[in-house]
Amino acid sequence: MKKLAKTPVSRRSVLAAGLAGAGVLAMPAILRAQDRSVKVGVYGGYFKDSFDKHIFPGFTEATGIAVESVAEPTGEAWLVQLEQAARAGQAPADLSMMSQVAMLKGQATELWTPIDTDRLENVDNLLEQFINSYPDGRVAGIGAVAWYITLVTNTDVYPEAPDSWAALWDESNRDRIGLLALVSNSFLLEVTAKTFFGGTNALDSEEGQLAAFEKLAEVRPNVRLWYRDEAQFEQALKSGEIPMGQYYHDVTGLAAADGYPVRSTFPQEGGILDSGSWALSRASEKVEEAHIFIDYMSQPEIQSLMSRRVGTAPTVRRELLDLTDEEFDAVSSEIDPIIPRYDLYTSKADWLNQKWTEMIAG
């Protein structure tokens, strides 16, 4: 809920449409003061509507804390608004769902009030990659939702599923592939590093980044579409016009369930695991309410519910979930994922964008 960075609105809308009611979990009576509230920023459109209808009422029933939801704009516009408001001592939202790059940029200005994990009973449920920390170890954010980008194919054109991202480079796939159009949302440098250079730590140096760019440039003859419009690629994938590419695992699964000849494959190198975090504005005075909210959302029961109804990958450990193997496989994988190098998209953003334009999608 892709949307989550910049997760595109179209994907959020598709995912949110299936969200079902949240279970009500017991909370101490002392927390149930009816005059308490918290403002929560979530991506707008159907995604926000679904939280308003199915998630927030359950939280309020369990805790007595009312939720005032705020529609976030996509991209980094919300980060800018939060920064400007915080300088004036105001919080357009107490908690916001933020992309990982926005989390890092907010850290640079101390925008996020550190989360006190001692106040979160469910923090130990979380997978390590979903705890976002300041360089000094303070916790800046807690994983809200996650999603995978995988290798997708049209089953009429490819009766057998590919098992490696290396298929993108195969000469037999010339002019058949659709890939995301930006270095910062395709994560193709990380895919290249994991597939050909032993892992994403190969991107630690500029020399390693250039080597990955050069290898990735070899895929260009196979790319028919560098897409920004998800709907355009999805339609071409369904029809077989562009029968291979990278796309969102959950959305592809929904299309397959609707009878389209498409599949999502977790390659042996892993799917790309992206996520959004709950972050607390330093201007907020609702610190206690924010901690209660984050703790509620980190419960295995809530994460299982969202996996079933929304198609998001859970942020908590597999063994804590009551998902069947089929339900878990529909949204996630136990293959080690490719974790994006978000640090590079803040520290070297201009250089990476320049090289991407020169060598890849220009």
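Residues numbered from 1 in each chain as written. Predicted model: local features only at pLDDT ≥ 70, side-chain atom pairs only at ≥ 80, totals over all residues. Heavy atoms only, no water.

A. Fine view of the pattern of salt bridges. Overall, the coordinates contain 17 salt bridges when judged by the stated rule. The shortest N-O distance in the salt bridge between Glu289 and Arg36 comes to 3.3 Å. Placement of the pair is Glu289 in helix H10 (residues 287–297) and Arg36 in strand S1 (residues 36–43), with a sequence separation of 253 residues. Judged by relative accessible area, Arg36 falls into the buried class, the value being 12%. Where Lys48 meets Asp52, a salt bridge forms, and the shortest distance between an N and an O atom there is 2.9 Å. Taken together, the residues span about one helical turn, with Lys48 and Asp52 both in helix H2 (residues 46–63) at a distance of 4 residues. The buried category is assigned to Lys48, whose relative accessible area is 16%. (Salt bridge = Lys/Arg side-chain N within 4 Å of Asp/Glu carboxyl O. Helix = DSSP H or I, 4+ residues; strand = E, 2+ residues; numbered from the N terminus. Buried < 20%, exposed > 50% of the residue type's maximum accessible area, 1.4 Å probe, protein only.)

B. Inspection of unusual backbone geometry at higher detail. Residues other than glycine seldom take positive phi values, yet Glu110 does so here, at roughly 55°. On the basis of relative accessible area, Glu110 is assigned to the partly exposed category, the value being 38%. The phi dihedral of Asp175 falls on the positive side, at around 60°, and the residue is not glycine. With respect to the element layout, Asp175 can be found in the loop between strand S5 (139–154) and strand S6 (177–180).

C. Main features of the environment of Gln232. Within the fold, Gln232 resides in helix H8 (residues 230–239). Of the residues examined, Gln232 reaches a relative accessible area of 45% and is grouped as partly exposed. Residues Gln232 and Gly178, 54 residues apart in the sequence, show an inter-C-alpha distance of 9.9 Å.

D. Looking closely at the packing of aromatic side chains. Scanning the model with the defined rule gives 15 aromatic pairs in all. With a centroid separation of 5.3 Å and 75° between ring planes, the pair formed by Phe59 and Tyr296 is classed as edge-to-face. Of this pair, Phe59 sits in helix H2 while Tyr296 is found in helix H10, placing the two residues 237 residues apart along the sequence. As far as burial versus exposure is concerned, Phe59 and Tyr296 are alike and both buried. (Phe/Tyr/Trp six-rings, centres within 6.5 Å; stacked < 30°, edge-to-face > 60°.)

E. Up close: helix H14 (residues 349–361). Between the first and last C-alpha of H14 there are merely 16 Å, a value that for 13 residues lags more than 12% behind the 18 Å anticipated at 1.5 Å per step. When we look at burial in H14, the residues that qualify are Trp351, Leu352, Lys355, Trp356, Met359 and Ile360. In this fold, the buried residues of H14 make contact with S6, helix H5 (183–186), helix H6 (188–196), helix H7 (206–217), strand S7 (223–227) and helix H13 (344–347). (Expected span 1.5 Å × (residues − 1). Contact = heavy atoms within 4.5 Å.)

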